[in-house]
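Coordinate analysis (summary)
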Amino acid sequence: MERVILHCDLNSFYCSVEILYDLKLKNQPVAVCGDVEKRHGIILAKNDVAKKFNIKTTDTVYEALNKCPNLILKQSNLKLYLTYSKKVKAIYQDYSDKIESFGIDEAWLDVSDCLSNYNNAFELAYEIKERIKFELGLTISIGISYNKIFAKLGSDIANKNEIYTINQSDLKTKVFPLPVGSLLYVGKSTEKKLDLFNIRTIGDLATTNREFINKHLGKNGDLIWIFANGLESSSVKKSDETTIIKSVGNSTTATIDITNFEDLKIILMPLCESVASRLKDIDCMANCITISLKNSNFESLSKQITLDYSTDISKDIFKVALQLCRQSTNFSSSIRAVGVKCSKLINTNNYQQTCLFSEYNDKDKKLDVAIDQIRRRFGHYKIGLAITSVNSELGHFSPKDDHTIYPTSYFIGGSK
Amino acid sequence: MNEFIDVICFNSKDGDIYPLYIIWENGIKYQIDKILQKCPAASLKHGGSGMRYTCLIQNQMRYLFNDNNRWFIDKI
């Protein structure tokens, strides 16, 4: 039996929630942005009126205001958006247990099993759309298809508050004429490469020899060829399935540009503490530590090191991260953003292989655990390392609590 | 943004909440004579969303919303 998969995409999600709570903004240009004072001032979402002024997500607030001086800026309220995201997912759960989130505002639903109650998939999708509109006041675009890629494509094509269906028989008429860039995982750089071979539409890609694409674009090329031909067959993950975590990381944009190692230490410490604490939460230790730095010209660099031991101790991670930073920068240009990531995780399940030749420092781990316990009970800022108080403007942040949205990859769904 | 109001409720042992009285801005307490319907809904007049109670108050029908444990009235 042909599968029926819906891809539901909430329209201008952050903005729609803000407008829901201030209906006067409905016909005015509105954008949601990060905290300008903390230098997180980029546009995160905008409504249709703002789109007419060519305001784009990731524009800086300054750029956006230049394009539209009357733009109404709302500071993002992540807690509220997460509440609404949960409410939307609860509605999806009335229709299927196979719900795979793709970010905070998008999800795939495999509704093949509950179609018997409806005349067709469109009727079911319409009911979901109307329920979300009535119960939550939000609009949604839905793509209906037989695989996840075309369902996503459908929701991208669909206008605001509309449903778009792509059946297997529609492949040549509806999908093939579309620009190749509209396919998931065909970004600007892949599009440029494909353009060199005169591949401009999905149809061009689908009818090109698979080996040719594979040869020039590698593994990713093979993947997008499969997507273009509608051969993608990965299943929609069940909502209660847990994913295997491959890495744990935190990053932040500093409130002021960092020009020396002392300041860098202040910002690095909370990041390392957060990563170590999250590693302990999932009973994992890491073998590989990566740091990423972004300078004031928005140029990024990252450096990683594989350790000959595993760790989940903040002090260890900090030492290694600082060493990597010393190798990576001499502050010829000031640092704007810093990130720390631990990967090559091993599950400890409360057991651990101690290092054969160097001593495992139990004391530091006990200290970490004690700090975590105090923070859990009394709040993050009740206890902290003195280094973070040297410059409270830089060190006063809690990456673990502040960072609640995890980037989603299509591949987590078990397709590759 | 909505203006919220005080509401006196009955919390049943099953975990359901039934509003009994609303206290208007002027401090006057009005009895809710009957709850005609209860369903999740968005407020189209004042904004927000939550559990919507269609209430009969002194022969007037009004929507009473519970949005995350805060209450507001929407005209029908």
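Position numbers for residues count from 1 along each chain, tracking the sequence in the order it is written. Whichever chain is written first becomes A and whichever ligand is written first becomes 1, with later ones labelled in order. Local features in this predicted model are restricted to residues of pLDDT 70 or higher, and side-chain atom pairs are both shown and tallied only at a pLDDT of 80 or more, whereas totals for entire chains, interfaces and linings draw on every residue.

**Some thoughts on the overall build of chain A**
Put simply, the rule reads: The way it works is that DSSP assigns letters per residue, a run of H or I at least four long becomes a helix, a run of E at least two long becomes a strand, and they are numbered from the N terminus. As a reference, a globule follows 2.2 Å times the number of residues to the power 0.38, and the radius of gyration itself is taken over C-alpha atoms. Counting other C-beta atoms within 10 Å of a residue's C-beta gives its exposure: the residue is buried at 20 or more, exposed at 12 or fewer, and partly exposed in between, where C-beta atoms are placed from the backbone. Any pair of residues counts as being in contact when their C-beta atoms, constructed from backbone geometry, are within 7 Å of one another.
Helix and strand content of chain A: 16 helices and 12 strands. Its C-alpha atoms give chain A a radius of gyration of 24 Å, within 12% of the compact-globule value 22 Å for 416 residues. When the backbone C-alpha atoms are referred to their principal axes, chain A occupies close to 65 × 55 × 45 Å. Counting across all 416 residues of chain A, residues that qualify as buried make up 37%. Intrachain contacts of chain A at a sequence separation of at least 6 include 64% that bridge at least 24 residues.

**So, helix α11 (residues 261-281) of chain A**
Residue and element names in this part refer to chain A. Worth spelling out the cut-off: Take the number of residues in a helix, subtract one, and multiply by 1.5 Å to get its expected span. Two axes enter the bend calculation: one fitted to the seven residues ending at the residue in question, the other to the seven starting there, and the bend is the angle between them.
Between its first and last C-alpha, α11 extends 30 Å over 21 residues, near the 30 Å set by a 1.5 Å rise per residue. Of all the bends found along α11, the most pronounced is centred on Leu-268 and spans about 25°, while Pro-270, a proline, follows it within four residues. Among the 21 residues in α11, 17 count as buried, and that is most of the element.

**Quick word on the sheet that holds strand β4 (residues 72-75) of chain A**
Residues and elements named next belong to chain A. The cut-off we apply is this: Should DSSP find at least two bridges between two strands, the strands are taken to pair. Comment: axis = line fitted to C-alpha atoms, over the contacting stretch for helices; angle = value between 0 and 180 degrees taken between N-to-C directions.
Strand order in this open sheet of 3 strands is β3-β2-β4, and the pairing throughout is mixed. Only two strands of the sheet have a single partner each, and these edge strands are β3 (43-46) and β4. Ignoring strand direction, the axes of neighbouring strands in this sheet form an average angle of 30°. Note that strand β2 (residues 30-33) and β4 share 4 bridges and pair parallel. Its bridge partner being in β4, Val-32 is matched across the sheet by Lys-74. Here helix α1 (residues 13-20) sits on the sheet and contacts β2, β3 and β4; the angle it forms with β2, its principal contact strand, is near 115°.

**Points about the confidence of the model for chain B**
Definition in use: A residue's pLDDT is the predictor's confidence in that residue, given on a scale from 0 to 100.
When pLDDT is averaged along chain B, the result is 90; 95% of the residues meet or exceed 70. Interface confidence in the predicted complex, given as ipTM, is 0.89; pTM for the same model is 0.73.

**What to know about the domain arrangement of chain A**
A common measure of how large an interface is: the accessible area buried when the components associate. To be explicit about the condition: Boundaries of every domain are those given by an automatic assignment or by a domain database.
What the domain assignment reports for chain A is domain 1 (1-143) and domain 2 (247-410). For domain 1 of chain A versus domain 2 of chain A, the distance between C-alpha centres works out to 32 Å.

**Digging into the interface of chain B and chain A**
Heads up, the rule is: Residues were grouped as follows: Ala, Val, Leu, Ile, Met, Phe, Trp, Tyr, Cys and Pro as nonpolar; Asp, Glu, Lys and Arg as charged; and all remaining residues, including Gly, as polar.
With 7 residues of chain B at the interface, the matching set in chain A holds 8 residues. Of all the elements, strand β4 (residues 34-42) of chain B adds the most residues to the side of chain B that touches chain A, at 3 residues. Split by residue class, the side of chain B that touches chain A holds 4 nonpolar, 3 polar and no charged.

**Side note on the packing of α11(A) against helix α12 (residues 314-328) of chain A**
Residue and element names in this part refer to chain A. Put simply, the rule is: Convention used here: angles under 35 degrees read as roughly parallel, angles over 145 as roughly antiparallel, angles from 65 to 115 as roughly perpendicular, and any remaining angle as oblique. Here a crossing is called left-handed whenever its near helix is offset anticlockwise from the far helix by less than a right angle, and right-handed whenever the offset is clockwise.
It is at 9 Å that the axes of α11 and α12 come closest, and there the two elements cross at 135°. Our classification of the angle between α11 and α12 gives oblique. Where α11 crosses over α12, the two elements pack in a sense that is right-handed. The segment α11 lies against α12, with Leu-264, Lys-265, Leu-268, Met-269, Cys-272, Glu-273, Val-275 and Ala-276 engaging Ser-314, Ile-317, Phe-318, Ala-321, Leu-322 and Cys-325. Counted by class, the contact of α11 with α12 contains 11 nonpolar, 1 polar and 2 charged residues.

**Brief notes about the environment of Lys45(B)**
Residue and element names in this part refer to chain B. By the secondary structure assignment, Lys-45 is in the loop between β4 and β5 (49-57). Overall, the presence of 12 C-beta atoms within 10 Å leaves Lys-45 in the exposed class. Counting along the chain gives 29 residues from Lys-45 to Asp-74, while the straight-line C-alpha distance between them is 6.4 Å.

**Quick notes on the environment of Ala286(A)**
Residues and elements named next belong to chain A. Locating Ala-286 in the fold gives a position in strand β10 (residues 284-295). For the pair formed by Ala-286 and Ser-247, sequence separation is 39 residues and the distance between their alpha carbons is 8.3 Å. Among all residues touching Ala-286, those that are not within four sequence positions of it are Leu-279, Ser-310, Thr-311, Asp-312, Cys-342, Ser-343, Lys-344 and Leu-345.

**Some words on the sheet that holds strand β11 (residues 300-311) of chain A**
All names here are of chain A. Taken in spatial order, the 4 strands of this open sheet run β9-β12-β10-β11, and their pairing is antiparallel. Each of the sheet's edge strands pairs with one partner strand only, and the pair in question is β9 (247-258) and β11. The mean angle between the axes of side-by-side strands here comes to 15°, regardless of whether they run parallel or antiparallel.

**Structural notes on the nonpolar core**
Residues and elements named next belong to chain A. Basically, it comes down to this: Throughout this description, the term nonpolar core refers to a group of buried Ala, Val, Leu, Ile, Met, Phe, Trp, Tyr and Cys residues whose C-beta atoms join them within 7 Å.
In terms of nonpolar packing, the biggest core is built from 70 residues, with Leu-6, Ala-31, Leu-109, Ile-142 and Leu-205 touching the most fellow members. Discounting chain neighbours no more than four positions away, the residues touching Ile-142 are Leu-6, His-7, Cys-8, Ala-125, Ile-128, Lys-129, Ser-155, Ala-158 and Ile-163. Counting 32 residues, the second-largest nonpolar core is a separate cluster that includes Val-248, Leu-264, Leu-293 and Ile-335.

**Remarks on the environment of Asn147(A)**
All names here are of chain A. Summarising the element assignment, Asn-147 is placed in the loop between β7 (140-145) and α6 (148-157). Residue Asn-147 is classed as buried on the basis of its 24 C-beta neighbours within 10 Å. C-alpha of Asn-147 to C-alpha of Leu-231: the two residues are 84 residues apart in sequence and 8.1 Å apart in space. Setting aside its immediate chain neighbours within four residues, Asn-147 contacts Ile-5, Gly-230, Glu-232 and Ser-233.

**Some words on the pairing of β7(A)**
Residues and elements named next belong to chain A. Within β7, 6 of the 6 residues are buried, which leaves it mostly tucked inside the rest of the structure. Judged by which residues are buried, β7 turns out to be covered on both faces: Ile-140, Ile-142 and Ile-144 on one side and Ser-141, Gly-143 and Ser-145 on the other are all buried. Relative to β7, strand β1 (residues 5-10) runs antiparallel, the two sharing 6 bridges. The residue of β7 that forms the bridge with Leu-10 is Ile-140.

**Concerning unusual backbone geometry**
Its identity as a non-glycine residue notwithstanding, Ser12(A) has a phi of 35°, on the positive side. Mapped onto the secondary structure, Ser12(A) falls in the loop between β1 and α1.

**Looking at the packing of helix α4 (residues 78-92) of chain A against helix α5 (residues 121-136) of chain A**
Residues and elements named next belong to chain A. With their axes 10 Å apart at the nearest point, α4 and α5 run at an angle of 140° to one another. One way to sum up the angle between α4 and α5 is to call them oblique. For α4 against α5, the interelement crossing comes out right-handed. Here α4 contributes Tyr-84, Lys-87, Val-88 and Ile-91 to the contact with α5, which in turn contributes Ile-128, Arg-131, Ile-132, Glu-135 and Leu-136. Taken together, the residues of the contact of α4 with α5 sort by class into 6 nonpolar, no polar and 3 charged.

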